[in-house]
Amino acid sequence: YNRGVNLENLERYEEAIASYDKALEFQPDYYLAWYNRGVNLENLERYEEAIASYDKALEFQPDYYLAWYNRGVNLGNLGRYEEAIASYDKAVAIKPDKDEAWYNRGIALGNLGRYEEEIASFDKAVAIKPDKDEAWYNRGIALGNLGRYEEAIASYDKAIEIKPDNDSAWYNRGTVLDELGRYEDAIASYDKAIEIKPDDHEVWYSRGIALFYLGRYEDAIASYDKAIEIKPDNDSAWYNRGIALFYLGRYEDAIASFDKAIEIKPDFHQAWIGRGSAAGNSRSCDTFLSFMSNIARQNTHLNQRGYEGELAIYEEGLKHCPQETHPEGWGLLHKAIGNAHYDQGVGKANYREYWHQAAAEYHQALITLTKEAFPELHLELLQDLIRVLLGLDKNEEAKQWRREGLQVFAQLLNSPDKSSFQKRRLESEFSGFSQMRVDVLIEDDDFIPALETAERNKNFCLTWILDNQQQHILSPSYSEIQKLINPHPAKNTAIIYWHLSPFALTTFIIKPGASQPTVLPTQKPDNLEGWIKNWDKQYANYRKGNDEPVEEENNWRNNLPNLLEELAKILDIASIINAIDLTPQPPSLLGNGEKDSPLLVGEGLGERSKSKIQNFILVPHRDLHRLPLHALFPDNFTITYLPSAQIGLSLAELSRRQSNTNSPTKLLSVEHPNSTDSEDKPFPQLFNAEIESATITRMFPNHQRLADNHVTQENLESALKSGHDIFHFTGHGTYNFHNPQASALALSGEDRLTLTDILQLPLSNYRLVSLSACETAVTGNQTITTEYVGLVSAFLFQGVSNVVSTLWTVTDDASSLVMIYFYWQLSKGRTPQIALAKATKWLRNLTDRKLERIYRLIEPKLSPNDKSIHSLYRFIKHLEQPRISEMNEDKKKEKRFENPYYWASFIITG
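Just so we're clear, the structure is a prediction, and the values are computed from it rather than from any experiment.

### Some points on the overall build of the protein chain
Moving on, step 1. When helices and strands are tallied, the protein chain shows 42 helices and 14 strands.
Moving on, step 2. Taken across its 910 residues, the protein chain has 56% of its residues classed as buried.
Moving on, step 3. When contacts within the protein chain are restricted to residue pairs at least 6 apart in sequence, long-range pairs at least 24 apart make up 67% of them.

### A closer look at the pairing of strand β6 (residues 667–671)
Moving on, step 1. Among the 5 residues in β6, 5 count as buried, and that is most of the element.
Moving on, step 2. A two-sided burial pattern is seen for β6, the buried positions comprising L667, S669 and E671 on one face and L668 and V670 on the other.
Moving on, step 3. Where β6 meets strand β8 (residues 726–730), 5 bridges bridge the pair, whose relative direction is parallel. The residue of β8 that forms the bridge with L667 is I726.

### Quick word on the nonpolar core
Moving on, step 1. Formed by 131 residues in total, the largest nonpolar core has its most connected members in L385, I386, V388 and F433.
Moving on, step 2. For this core, the leading source of residues is helix α23 (residues 375–391), giving 9 residues.
Moving on, step 3. Not counting residues within four places of it along the chain, the set of residues in contact with V388 comprises Y342, W355, A358, A359 and Y362.
Moving on, step 4. Of all hydrophobic cores here, the second largest spans 70 residues; its members include V810, V818, I820 and I908.

### With respect to unusual backbone geometry
Backbone geometry follows two general trends: most residues other than glycine have a negative phi, and most peptide bonds adopt the trans configuration.
Moving on, step 1. Positive phi outside glycine occurs at D445, with the angle close to 60°.
Moving on, step 2. Inspection of the secondary structure puts D445 in the loop between α26 (431–443) and α27 (447–466).
Moving on, step 3. In the Ramachandran plot, D572 falls in the positive-phi region, its phi being about 55° despite a non-glycine side chain.
Moving on, step 4. Looking at the element boundaries, D572 is found in the loop between α30 (556–570) and α31 (573–581).

### What to know about the packing of aromatic side chains
Moving on, step 1. The final tally for this structure, using the stated rule, is 40 aromatic pairs.
Moving on, step 2. Where F212 meets Y217, the ring centres are 5.3 Å apart and the plane angle is 50°; that geometry is what we call tilted. Across the pair, exposure class does not vary: F212 and Y217 are buried alike.
Moving on, step 3. Taken together, W531, W535, Y539, W556, W808, F897, Y901 and Y902 form an aromatic cluster joined through their ring pairs.
Moving on, step 4. For R387, the ring lying beneath its charged end belongs to Y342, and the centroid distance is 3.8 Å.
Moving on, step 5. Cation over ring: K828 sits above W824, and NZ or CZ is 4.5 Å from the ring centre.

### Comments concerning the pairing of strand β14 (residues 906–909)
Moving on, step 1. Both faces of β14 are covered, namely the face carrying F906 and I908 and the face carrying I907 and T909.
Moving on, step 2. Alignment of strand β13 (residues 802–806) against β14, held across 4 bridges, turns out to be antiparallel. By the bridge assignment for β14, T806 is matched with F906.

### A word on a positive patch on the surface
Moving on, step 1. A cluster of basic residues, R283, K348, K533 and K537, forms a positive patch at the surface.
Moving on, step 2. Relative to the elements of secondary structure, K533 occurs in helix α29 (residues 526–544).
Moving on, step 3. Take K533: its relative accessible area is 40%, and that puts it in the partly exposed class.

### So, the packing of helix α1 (residues 2–9) against helix α2 (residues 13–26)
Moving on, step 1. At a minimum axis distance of 8 Å, the contact between α1 and α2 shows a crossing angle of 170°. By the criterion of interaxial angle, the relationship of α1 to α2 is roughly antiparallel. Contact with α1, carried on its side by R3, G4, V5, L7 and E8, involves Y13, E15, A16, S19 and Y20 of α2 and no other residues of that element.
Moving on, step 2. For the contact of α1 with α2, the residue count by class is 5 nonpolar, 2 polar and 3 charged.

### Some points on a nonpolar patch on the surface
Moving on, step 1. A surface patch of nonpolar side chains, about 370 Å² in accessible area, is lined by F288, F291 and M292.
Moving on, step 2. Relative to the elements of secondary structure, M292 occurs in helix α18 (residues 287–292).

### Looking at the pattern of salt bridges
Moving on, step 1. A full pass over the atoms with the stated rule returns 46 salt bridges.
Moving on, step 2. One salt bridge connects R114 with E82, and the closest N-O pair in it is separated by 3.3 Å. In this pair, R114 sits in the loop between α7 (99–111) and α8 (115–128) while E82 sits in helix α6 (residues 81–94), placing the two residues 32 residues apart along the sequence.
Moving on, step 3. Judged by relative accessible area, R114 falls into the partly exposed class, the value being 27%.

### A few points about the packing of helix α13 (residues 201–213) against helix α14 (residues 217–230)
Helix packing for two helices is described by the angle between their axes and how far apart those axes are.
Moving on, step 1. Where α13 meets α14, the axes come as close as 8 Å, and the angle between the chain directions of the two elements is 165°. Taken together, the axes of α13 and α14 lie roughly antiparallel to each other. Judged by the sense of rotation from one axis to the other, the crossing of α13 with α14 is left-handed. Along its contact with α13, which presents H201, W204, Y205, R207, G208, I209, L211 and F212, the element α14 presents Y217, D219, A220, S223, Y224, K226, A227 and I230.
Moving on, step 2. Split by residue class, the contact of α13 with α14 holds 10 nonpolar, 3 polar and 3 charged.

Rules used in this analysis
Residues numbered from 1 in each chain as written. Predicted model: local features only at pLDDT ≥ 70, side-chain atom pairs only at ≥ 80, totals over all residues. Heavy atoms only, no water. Helix = DSSP H or I, 4+ residues; strand = E, 2+ residues; numbered from the N terminus. Buried < 20%, exposed > 50% of the residue type's maximum accessible area, 1.4 Å probe, protein only. Contact = heavy atoms within 4.5 Å. Pairing = 2+ DSSP bridges. Core = buried A, V, L, I, M, F, W, Y, C linked by side-chain atoms within 4.5 Å. Phe/Tyr/Trp six-rings, centres within 6.5 Å; stacked < 30°, edge-to-face > 60°. Lys NZ or Arg CZ within 6 Å of the ring centre and 35° of its normal. Patch = residues over 30% accessible without salt bridge, like charges linked within 9 Å, V, L, I, M, F, W, Y side chains within 5 Å. Areas by Shrake-Rupley, 256 points an atom, 1.4 Å probe, with all protein chains shown as cover. Salt bridge = Lys/Arg side-chain N within 4 Å of Asp/Glu carboxyl O. Lys, Arg positive; Asp, Glu negative; His and termini not counted. Charge placed at Lys NZ, Arg CZ, Asp CG, Glu CD. Axes fitted to C-alpha atoms, helices over the stretch in contact; angles between N-to-C directions. Parallel < 35°, antiparallel > 145°, perpendicular 65-115°, else oblique. Nonpolar A, V, L, I, M, F, W, Y, C, P; charged D, E, K, R; others polar. Left-handed = near helix turned anticlockwise from the far one by under 90°.

Any link to function would need more than the numbers given here.
So this is what it looks like as structure tokens:
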């Protein structure tokens, strides 16, 4: 026996076993020889024989806990986890303070997916040995698997505290922060892991994903490049690199990256889908990149672009992803073909031809993307299928699939295997089915539950983005919603509340004292979808400076009046006005309104202006948040927006408290920061911002000004905490669709005040925030599928009573004029809503003659030492030639800002 021990110490395991065998010849019941024999067999990875040897030891010494423990280790090595757990249980029953047994028991439970028990086992291990970093680390993994991400981070932090160079803990900590949407923190954690282990390609890859979700696409690509440098065959890195290039609009580079992924993994269906989408968006093939790609050289038909090129790529992908061996990829490629057909048909006169093809492809995809095999992909597919069936007037078939989808959705939400966090994520990802519940209730004439469900969905999404730690979601009942309009002085107010599901557009109208909401007939969203697609295309070209005179009908700015008239018809604004004016309230659904209604965009209604309703609260949904809905109504209504009724109720309560204080107004004016973008390029200069700021601050003796390079994040946050009640910002803003928390106001240099930062600030004392001259409401052309959450929502969530923002960037002279007039009206005691309505109406009617007078009036009020005086002279100099003073009388009467482009961008929310 002792000879065997020494041979074992020399790692001569075969000889050690032979020596133990000799000992056992003389004394067969010598349990220690059997145990040590098992240890040596284990060292040789002969696990079955080792277990047999431990069994012999236990036959002669049943309470030998080490034999039970080692037996469990070997059973775990063989993947026999249930038996391993039973063996560990024996060990800890004999020796309860055996921390290794509790730890390995936890590992076995984790392999069985029994995460709650796994955590309990690790808790036992760290209670015995608090500095056991492996237990804290694996405990973090288990908590992450349960969606208990905050606890997981705390567990990783303990592991790191004990072993600061645990790169795996830093890496996993980053992945959990990713799950929480805390991408900046995740990147910091990945950077720590890289400091310890610079050649870990997985960390560089995950870091790239976090950067992507922050909208830092160039940085993401650089991170993917590092991952690829370390592991050139990292197909996922090549794929995600392609996605980042796609979002930069570099479609040909994206295709080249997808091709690299496909070369490594020809059956990589996501890469085929990504390549097809990029080709569909690309205008022409890059011959050099195509020549450099093995995929493109071998398959020249894949060099097509546009709709035809997209289809060719998906068909090629199907050759590598057969139905029998790749059910998921085969189904998703058919779904992608269906989407291509559907998109091609949107807005086309012969749309049905394309949509029939789309429906056929979706049915093909259903063969493999079944509710049993791929429940979540099945739901995604059903949303697309139902949409096209409704578009083809196949309503009954659409309703059948809707019923199935709602059943599958309910089963997922009620699954006992999913944590509350995971269920919230499911509800967010499949918001379309939550929205469909509203459609079903409308069809059953259950209007109050339908409105309450729509409102609950809104508040779920707002809470998810703005405070995902808040488990309890506040959402009002219909009677509570009515409190927004019933009490004096708001009794002359009505709420227009839109709900847009993937398959229906519904308008709720809530009037004072009404026992239930009025509901306009639901309509299919096809026309709205086509209109938005056209709006996005024209607006994208306008922002890039691609408007061409030869395509005057597609020039977004010049075409804006026509676009808004079309939108007014699609949303049936005439019927909304009729519904509000009708007395008494009609039962159930209203008709489509008067066919010969005289309503035109921006016009008054004549006799209808005598309606008792003078104020509208607009509650948009999804893409409607991006549009100037107020411009569709007659200008004798005062209009404000709300993200949800619940936010309105919360703000009303805060406003009541603020009205009890008579403290003087204190203005914080933040003026034209010298901002740069992620590529260190300066944002466009706002020439009139200096005039605007100088004029407005003179209306408020109690003010603080921050300007130029002084607008750092630190200075701004300090100023915002300094007891002001109006915050006026003149500068630029950004919106991040992938990660709304990263939406930001651009400050000096590359400093940003992000949505996340705003949510950390005490702002409930602010009566007004004005975000002037920047696209702070929303930009981009991505479709909003759930609910828009941006900077405005963040300020309101923090208790700001009213927020003025802009839907698109207007000329800075128009913006400055509106803001100056707005604050002048405010200083005369107008409410912010009335002040903005008067300011935009005034701008629309402003002639060059009046404009000249205004600037001549402003000029003497400015100090000769104030640099804003120079901006004023510069502006006057750049007025249309000939100079105003030299214009003829007819020219001076022209309304410079009559186009809705100038005035419809300004909205007030609160």
